[in-house]
Amino acid sequence: MLRRIFPILLALSLCGCAVAQESEQTQYQATFLTLFDTVTTIAGRDSSEEAFQEKAQAIHDGLLEYHQLFDIYNEYDGINNLKTINDQAGVAPVVVDERIVELLSACEKFYQDTNGKVDVTMGSVLYLWHQARTRSLDDPANASLPDEDALKVASLHTGFSSLVIDKDASTVYLTDPDARLDVGAVAKGWATEQVAKNAPSGLLISVGGNVRATGPKDASGTPWVVGVTDPDSQNDFLHTLYVTNGSVVTSGDYQRYFVVDGTAYHHIIDPETLYPAAYWRSVTIVCPDSGIADALSTALFLLPQEEGQALLDQFDAKAMWVDAQGNFYYSPGFQDLIRT
């Protein structure tokens, strides 16, 4: 899927660059604008701003590597990335960094576990929606949907049957020349999780709203507070949640959309219908693993609640759904996390 921007906002705990003092440590915040085409925020307590900035810069540098590896639009010197794989579709296998192999192998499992709802081989379909959105935002008076016949043709070039992953050789090959990869449904969460595993305890990392806590924010175990955005007023929160370790990720219909004849069309495309899903306004996932949370937020957005709950049970995750009428639905245990 195309990427979601700011589905979660950091709340309360991140209201300043240097706030409450405890045990001679101060809370700091760093913001970066160059990763995954979104805003990355890192917060934590440290003995000095210099010490904190060193940690934040290390996280930025780790995320930057994943950003370049998973990019489908840009090339980088000395790197074979997902764009390279797409460009070589139907031509030849591409030798890639093992992290791309790991991501795509995980995506294949996500595809199986979600019965095809999380499908990173849908790049050919998503590209048509991306073009339509770009055109429509540039020229709203002439906004239009993708051609339906073109969507159907593009859908013939999806599916993992054309994706060959050779772990031993560290190569990836799209055998169909018209197939394309788009890992937007999982890339930010996956990258955030990999970097968080090696990050110091006590940080809160938000990559475009994919939030990952590496531990409580101080030695006394004080939880972080994460706000879940209101789809109707993105300056407000539906809830604020306590988080000490693990991830919070939201998918919603209120980002990356365009309007045609008075109807809004968002970016989360159902692989079955080839059109934006209409079950929910937003779905919020709380899960130990940020990559899994990212994939689940997409999958549950495309499913009725009962089927979504079955997926949550598989992954030790919790969720909140919001429907078109503004009604809230919670999985077991989610409400225990709510602060307000």
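No experiment lies behind these values; they were computed from the predicted model shown.

Draft legend 1. Layout of the pairing of strand S7 (residues 171–174). Side chains Thr171 and Tyr173 of S7 all project onto a buried face; the interleaved residues Val172 and Leu174 project onto the opposite face, where all are buried too. For strand S5 (residues 94–95) and S7, the ladder comprises 2 bridges, and the chain directions are antiparallel. Residue valine 94 lies in a different strand from S7, and its bridge partner there is valine 172. Examined bridge by bridge, strand S6 (residues 163–166) and S7 share 4 bridges and lie antiparallel to one another. The partner of aspartate 166 across the bridge, within S7, is threonine 171. Connecting S6 to the antiparallel partner S7 that follows it, the hairpin turn spans 4 residues, and serine 170 within it adopts a positive phi of roughly 55°.

Draft legend 2. Region of interest: helix H1 (residues 49–70). Between its first and last C-alpha atoms H1 spans 31 Å; for 22 residues at 1.5 Å apiece the expected length is 32 Å, and the two agree. In this structure, the buried side of H1 is in contact with strand S3 (25–35), strand S4 (38–46), helix H2 (82–87), helix H3 (98–113), helix H6 (187–197) and strand S8 (203–207).

Draft legend 3. A look at the environment of phenylalanine 258. Mapped onto the elements of the fold, phenylalanine 258 is located in strand S13 (residues 258–260). Spatially, the C-alpha atoms of phenylalanine 258 and proline 140 are 8.4 Å apart, while their sequence positions differ by 118 residues. Apart from residues lying up to four places away in sequence, phenylalanine 258 is in contact with Trp129, Ala132, Arg133, Ser136, Leu137, Ser144, Leu145, Thr263, Ala264 and Tyr265.

Draft legend 4. Molecular detail of the packing of aromatic side chains. Within the structure shown, the criterion is met by 11 aromatic pairs. Look at tyrosine 111 and phenylalanine 160: their rings are 4.9 Å apart centre to centre, the planes differ by 50°, and that puts the pair in the tilted class. Residue tyrosine 111 is found in helix H3, and its partner phenylalanine 160 is found in the loop between helix H5 (148–155) and S6; the two are separated by 49 residues along the sequence. Look at tryptophan 129 and phenylalanine 258: their rings are 6.3 Å apart centre to centre, the planes differ by 50°, and that puts the pair in the tilted class. Of the two residues, tryptophan 129 is situated in helix H4 (residues 123–138) and phenylalanine 258 in strand S13; the sequence distance between them amounts to 129 residues. In this structure tryptophan 129 comes out as buried when scored by relative accessible area, which is 2%. An aromatic cluster of at least three residues, connected via ring pairs, comprises Trp129, Phe258, Tyr265 and Tyr275. A cation over a ring is seen here: arginine 99 above tyrosine 66, with NZ or CZ 5.3 Å from the ring centre.

Draft legend 5. Structural context of the pattern of salt bridges. Scanning the entire structure with this criterion turns up 12 salt bridges. Here glutamate 75 makes a salt bridge to lysine 83, at a shortest N to O gap of 3.4 Å. Exposure remark for glutamate 75: the relative accessible area of 60% places this residue in the exposed category. According to the relative accessible area criterion, lysine 83 is buried, its value standing at 16%. Between aspartate 232 and arginine 281 there is a salt bridge, and its shortest N-O distance comes to 2.9 Å. Of this pair, aspartate 232 sits in the loop between strand S10 (224–230) and strand S11 (233–243) while arginine 281 sits in the loop between strand S14 (263–265) and strand S15 (282–287), placing them 49 residues apart in sequence.

Draft legend 6. Region of the structure containing the confidence of the model for the chain. When the pLDDT values of the chain are averaged, the result is 92; 93% of them are 70 or greater. Note that pLDDT drops below 50 for residues 1–21; the model gives that stretch 104 contacts with residues more than four away or on any other chain.

Cut-offs applied
- Every chain begins its residue count from 1, and numbering advances along the sequence as written.
- The model is predicted, so local features are restricted to residues of pLDDT at least 70 and side-chain atom pairs to those at 80 or more, both for listing and for counting; the totals for chains, interfaces and linings are taken over all residues.
- Water and hydrogen atoms play no part in the side-chain values, which are based on all heavy atoms of the structure.
- Burial status follows relative accessibility: with a 1.4 Å probe on protein chains alone, a residue under 20% of its type maximum counts as buried, one over 50% as exposed, and anything between as partly exposed.
- The numbering of helices and of strands both runs from the N terminus, where a helix is a DSSP run of H or I of at least 4 residues and a strand a run of E of at least 2.
- In this analysis, strands are considered paired if DSSP registers two or more bridges between them.
- Under the convention used throughout, the expected extent of a helix is 1.5 Å for every residue step, that is, one less than its residue count.
- Whether two residues touch is decided by their heavy atoms; if any such pair falls within 4.5 Å, the residues are in contact.
- Two rings belonging to Phe, Tyr or Trp (six-membered ring only in the last case) form a pair when the distance between their centres is within 6.5 Å. Interplanar angles under 30 degrees mark stacking, angles over 60 mark edge-to-face geometry, and anything in between is tilted.
- Sitting over a ring, as applied to charges here, requires NZ of Lys or CZ of Arg to be within 6 Å of the ring centre and within 35 degrees of the ring normal.
- One side-chain nitrogen of Lys or Arg within 4 Å of one carboxyl oxygen of Asp or Glu is enough to make a salt bridge.
- Scored between 0 and 100, pLDDT is the confidence that the predictor attaches to each residue.

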